[in-house]
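Structure at a glance
This is what each chain is made of:
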Amino acid sequence: MGHPAGLSSDLIGRESEAVLFEVERGAIRKFADAVQDQTPECVRGDLAPPTFPTTFRMTIPGLTFDLARVLHGSQEYRYERPLRAGDRVHCRVRVADVYQRKGRLGEMTFLILVIEGSDESGNPIFSGTTTAILR
Amino acid sequence: MTGPVLAARPDQDLDSGSVLPELRKQQITKLQLVKYAGASGDFNLIHTDDETARAVGLEGVIAHGMLSMAFLGEYLCWLAGPESVRRLSVRFVEMVRPGDTLTCRGRVKERTTGNAGRRLHLELWAENQRAERVTVGDAEVDIT
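Overview of the structure. These figures come from a predicted structure and were not determined experimentally.

Bringing the overall build of chain A into the picture now. Of the regular secondary structure elements, chain A holds two helices and five strands. Across chain A, helices and strands are ordered from the amino to the carboxyl terminus as β-α-α-β-β-β-β. Dimensions of chain A along its principal axes, counting C-alpha atoms only, are 50 × 35 × 20 Å. Per-residue burial over chain A gives 50% buried out of 135 residues.

Shown next as structure tokens:
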């Protein structure tokens, strides 16, 4: 085993299948309720809260790790427009980078994932960058 | 319902350094973490099961970092309207636990003018009841 997390830079560039997600009004309302988002459009389920893309979960072949050992270091989302109820979003996630760094807790692995979502015509709707820290 | 908090503000109230109104959230509960796990699909048990959390050296369950980011997302919607959020970027710097109460705060870093009107570059953060910044970041919103 190369390092604690068992992830190597060979994973860089690897990506998920393209997955179609339908943005359901009920899922928006459930999400808004869970985070107590009072934005009227979100409470009604018309528009998704900005962090709703976190519900689009995909797997990347070969990328596995122990969830309980993962820290979410940072997250960014960029938006062309909000997600709306009824949207059909084509998403894909890829490994943008993997690197090791020594920190207070010893050797840690940083995993950078990039997600992109577009409409059925291929127009981008949002993109996101996740930094996960594996210890 | 009134419109976004910042929409009608004159330029001079949105200059660099202007302090934004705060949004105080309700106290975080274990029930909320269970609901967030279900709504988001993040079933990492360190957020909902004390036994799992202790097994990895925590005192008990901690909130999903993304929950605090969701609070900041709502903050942007409240400030600028949900159609106007262009970017939100955060770092999760401190753990959040059930019982914590977070308040979203921020200030204007820069105001620029584009073809869509005014764009605000914001510094923003969520802080806990001890005024510790737990999630920090920056954002861009368009306002009319």
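Still more to cover.
Here we come to the interface of chain A and chain B. Contacts between the two partners involve 33 residues from chain A, matched on the other side by 34 residues from chain B. Buried area between chain A and chain B, summed over both chains or domains, comes out near 2,900 Å², and the portion from carbon and sulfur atoms is 57%. The tally of links between chain A and chain B comes to three salt bridges. The tally of links from chain A across to chain B stands at 16 residue pairs in polar contact (both at pLDDT 80 or more). At the level of secondary structure, the elements contributing two or more residues to the side of chain A that touches chain B comprise α1 (25–35), α2 (40–43) and β2 (70–79) of chain A. Among the elements that line the side of chain A that touches chain B, the one with the most residues is β2(A), at eight residues. Two elements, β2(A) and strand β2 (residues 85–92) of chain B, share five bridges in a ladder whose sense is antiparallel. Following the sheet pairing, Ser74(A) is matched in β2(B) by Arg91(B).

Among the structural elements, Ile125(A) can be located in strand β5 (residues 124–134). Between the C-alpha atom of Ile125(A) and that of Glu80(A), which follows or precedes it by 45 residues, the distance is 5.0 Å.

Attention now moves to α1(A). Buried residues of α1(A): Ile28(A), Phe31(A), Ala32(A), Ala34(A) and Val35(A), and no others. Buried residues along α1(A) cover an arc of 160 degrees about the axis, so they all sit on one side. Looking at the buried residues of α1(A), the elements they touch are α2 of chain A together with α1 (30–40) and α3 (65–80) of chain B.

Counting residues in each nonpolar core, the largest one holds 73 residues, and the members touching the most others are Phe56(A), Leu83(A), Leu111(A) and Phe126(A). The element contributing the most residues to this core is α3(B), with eleven residues. When near neighbours in sequence (up to four residues on either side) are disregarded, Phe56(A) contacts Phe21(A), Val23(A), Leu83(A), Val89(A), Cys91(A), Ile115(A) and Phe126(A).

Even without glycine at this site, Gln36(A) takes up a positive phi of about 55 degrees. As for its placement among the helices and strands, Gln36(A) is situated in the loop between α1 and α2. The class of Gln36(A) is partly exposed, set by a relative accessible area of 25%. One non-glycine residue, Ala131(B), lies in the positive phi region at around 65 degrees. Classification of Ala131(B) by relative accessible area gives exposed; the value is 52%.

Basis of the calculations
- Residues numbered from 1 in each chain as written.
- Chains lettered and ligands numbered in written order.
- Predicted model: local features only at pLDDT ≥ 70, side-chain atom pairs only at ≥ 80, totals over all residues.
- Heavy atoms only, no water.
- Helix = DSSP H or I, 4+ residues; strand = E, 2+ residues; numbered from the N terminus.
- Buried < 20%, exposed > 50% of the residue type's maximum accessible area, 1.4 Å probe, protein only.
- Contact = heavy atoms within 4.5 Å.
- Buried area = accessible area lost by both parts, 1.4 Å probe.
- Salt bridge = Lys/Arg side-chain N within 4 Å of Asp/Glu carboxyl O.
- Polar contact = N/O pair within 3.5 Å; in protein donor to acceptor, adjacent residues only side chain to side chain.
- Pairing = 2+ DSSP bridges.
- Arc of directions from axis to C-beta.
- Core = buried A, V, L, I, M, F, W, Y, C linked by side-chain atoms within 4.5 Å.

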